[in-house]
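Architecture at a glance
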Amino acid sequence: MLTRRDLTDEQARLTMGQAMSWLELHGDEKTAGFVLQHLFKRKAIPAYEICRVAAFAHDWLSRHGESVDAGFVLPVLLARQDLTDDQADRAVVSAMSWLRVHGSLDTADHVLPLLLRCDLPPARVRSAVLLTARWLGRHREEEGVAYLLGAARPRRPHGGGGRGRCAGGPGPA
């Protein structure tokens, strides 16, 4: 239901409420990643709820952050423009940790460009560029990977954006 775009506002609120209730009971389970992924893809998450969703995501990532499945939660988390600076920084830390373990996977290219667009301190920029270079080295013969080179351009932080704030990418759907 979270992926449906034809819900009325009331139906969307009810669906989000059900998802949040489910996360309260099952948020530590590996399957919660699917719910988190689709929650973050929703544009209209009220400000008071985004903090709760981000807290669920960070708790889930603390348990499952090095699993392959985290590669589906991290891109939508990094793409959110409505995270606090602390939440954005925690997302960056989680993404860097995941990439150190899974940086050669085909799906790492969903995390790398969003990470490269974050307002990172110099040490993290170097790490992100190194991780991207390693991925490109392994996938250099594949067509269509050049977009990662363009993603390395720094972007201005969104809003007040402190360090860790991510600005750009496809954004939530």
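Our structure's up above, just so we're on the same page.
Below you will find a few notes about this structure. (Residues numbered from 1 in each chain as written. Predicted model: local features only at pLDDT ≥ 70, side-chain atom pairs only at ≥ 80, totals over all residues. Heavy atoms only, no water.)

Following the criterion strictly, the structure yields one cavity of 30 Å³ or more and no others. Each pocket or cavity is described by its volume, and for the largest cavity that value is around 40 Å³. Lining the largest cavity are Lys30, Gly33, Phe34, Gln37, Asp69, Phe72 and Val73. It is helix H2 (residues 32-41) that provides the largest number of residues to the lining of the largest cavity, a total of three residues. Along the lines of polarity and charge, the residues of the lining of the largest cavity split into three nonpolar, two polar and two charged. (1 Å grid on protein atoms, 1.4 Å probe; cavity = no way out; pocket = protein on both sides within 12 Å on 5 of 7 lines; lining within 4 Å. Points joined across faces, edges and corners; volume = space filled by probe spheres on them. Helix = DSSP H or I, 4+ residues; strand = E, 2+ residues; numbered from the N terminus. Nonpolar A, V, L, I, M, F, W, Y, C, P; charged D, E, K, R; others polar.)

Attention now moves to the packing of H2 against helix H4 (residues 70-78). Where H2 meets H4, the closest approach of the two axes is 9 Å, and the angle between their N-to-C directions is 20°. It follows that H2 is roughly parallel to H4 by the angle criterion. Classified by chirality, the crossing of H4 by H2 is left-handed. For the pair H2 and H4, contact is made by Gly33, Leu36, Gln37, Phe40 and Lys41 and by Phe72, Val73, Val76 and Leu77, respectively. Looking at the contact of H2 with H4 residue by residue, the classes come out as six nonpolar, two polar and one charged. (Axes fitted to C-alpha atoms, helices over the stretch in contact; angles between N-to-C directions. Parallel < 35°, antiparallel > 145°, perpendicular 65-115°, else oblique. Left-handed = near helix turned anticlockwise from the far one by under 90°. Contact = heavy atoms within 4.5 Å.)

So, about the side chain of threonine 132. Take threonine 132: it is sitting in helix H7 (residues 122-139). With sequence-adjacent residues up to four places away left out, threonine 132 is seen in contact with Leu112, Leu116 and Leu148.

Counting buried positions over the ten residues of H2 gives seven, a clear majority of the element. At its buried positions, H2 is contacted by helix H1 (9-26), helix H3 (47-64) and H4. (Buried < 20%, exposed > 50% of the residue type's maximum accessible area, 1.4 Å probe, protein only.)

Another point: the environment of leucine 136. Topologically, leucine 136 is positioned in helix H7. Spatially, the C-alpha atom of leucine 136 lies 8.8 Å from that of serine 104, the residues being 32 residues apart in sequence. Beyond its immediate chain neighbours, meaning those up to four positions away, leucine 136 contacts Val145, Leu148 and Leu149.

As a further point, take the side chain of threonine 15. Its place among the elements puts threonine 15 in helix H1. Its relative accessible area of 10% is what places threonine 15 among the buried residues. Among the polar contacts made by the side chain of threonine 15, one reaches the main-chain carbonyl oxygen of glutamine 11 at a distance of 2.8 Å. In this view, threonine 15 contacts Met1, Leu2 and Leu7; residues no more than four positions away in its chain are not counted. (Polar contact = N/O pair within 3.5 Å; in protein donor to acceptor, adjacent residues only side chain to side chain.)

Now for the nonpolar core. In terms of nonpolar packing, the biggest core is built from 48 residues, with Leu23, Leu36, Leu39, Leu78 and Leu99 touching the most fellow members. Residue assignment for this core shows that the elements contributing at least two residues are H1, H2, H3, H4, helix H5 (85-102), helix H6 (112-116), H7 and helix H8 (147-151). Sequence-distant contacts of leucine 23, defined by excluding residues within four places in its chain, comprise Ala32, Val35, Leu36, Leu39 and Phe56. (Core = buried A, V, L, I, M, F, W, Y, C linked by side-chain atoms within 4.5 Å.)

What follows deals with the environment of alanine 57. One can find alanine 57 in helix H3. Residue alanine 57 is classed as buried on the basis of its relative accessible area, which comes to 0%. Separated by 34 residues in the primary sequence, alanine 57 and leucine 23 place their C-alpha atoms 9.7 Å from one another. With residues near it in sequence (within four places) discarded, alanine 57 still touches Leu36, Phe40 and Leu77.

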